[in-house]
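Breakdown of the fold
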Amino acid sequence: MKVEYYILFWVVLWFFIWYIVWKILKHIELSKERKKAVDKSRSVILWESYEKLVPISGAIPYYSKDMNFLWKWVDYIVFDWLSEGNLRKIVFLEVKTWKSRLNKNEKMILQAVKDKKITYETIRLKK
């Protein structure tokens, strides 16, 4: 009878130890995932802030007065030389780093521009 309790004690102890080890490992893994999420969020916020400063950075060959920040789907719409009274062209401008690519929606917008599926509409609201 004492041997059975002795074996049961050691089995329970080993399960308890492994449970604690498993909890510690899960905690470490969760901490790493949280840190990764925070780092990614921080980089996205910094990039969004940088995108707003692009017109004054001198990295783009358009006047900042001619650039309107949209952010979603397309970063800027540029009315080239409109501020000087001589509109040359309208540009949908997407700001990317050297590694990033267009996402699915941005590719669809690019294709719509290439296919000339662009219209200008005026909507009048009634009182």
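Look up: the structure comes first, before these words.
Residues numbered from 1 in each chain as written. Predicted model: local features only at pLDDT ≥ 70, side-chain atom pairs only at ≥ 80, totals over all residues. Heavy atoms only, no water.

Turning our eyes to something else, we now look at the overall build of the chain. The helix and strand inventory of the chain stands at two helices and three strands. When the helices and strands of the chain are listed from N to C terminus, the series reads α-β-β-β-α. Here the C-alpha radius of gyration of the chain, 29 Å, is well above what a compact globule of 127 residues would show, namely 14 Å. The principal-axis extent of the C-alpha atoms belonging to the chain is close to 100 × 35 × 35 Å. Evaluated residue by residue, the chain yields a buried proportion of 13% over its 127 residues. Within the chain, contacts between residues at least 6 apart in sequence are counted, and of these 20% link residues at least 24 apart. (Helix = DSSP H or I, 4+ residues; strand = E, 2+ residues; numbered from the N terminus. Rg over C-alpha atoms; globule rule 2.2 N^0.38 Å. Buried < 20%, exposed > 50% of the residue type's maximum accessible area, 1.4 Å probe, protein only. Contact = heavy atoms within 4.5 Å.)

What follows is about the sheet that holds strand 2 (residues 76-80). Taken in spatial order, the three strands make up an open sheet running 1-2-3, and their pairing is antiparallel. Of all strands in the sheet, those with a lone pairing partner are strand 1 (67-69) and strand 3 (89-93), marking the two edges. Taking each pair of neighbouring strands and ignoring which way they run, the sheet shows an average axis angle of 20°. As paired strands, strand 2 and strand 3 are joined by five bridges and run antiparallel to one another. Among the inter-strand pairings, Phe79 is bridged to a residue of strand 3, identified as Ile90. Of the strands in this sheet, strand 1 and strand 2 touch helix 1 (residues 2-57), which is tilted by about 15° from strand 2. (Pairing = 2+ DSSP bridges. Axes fitted to C-alpha atoms, helices over the stretch in contact; angles between N-to-C directions.)

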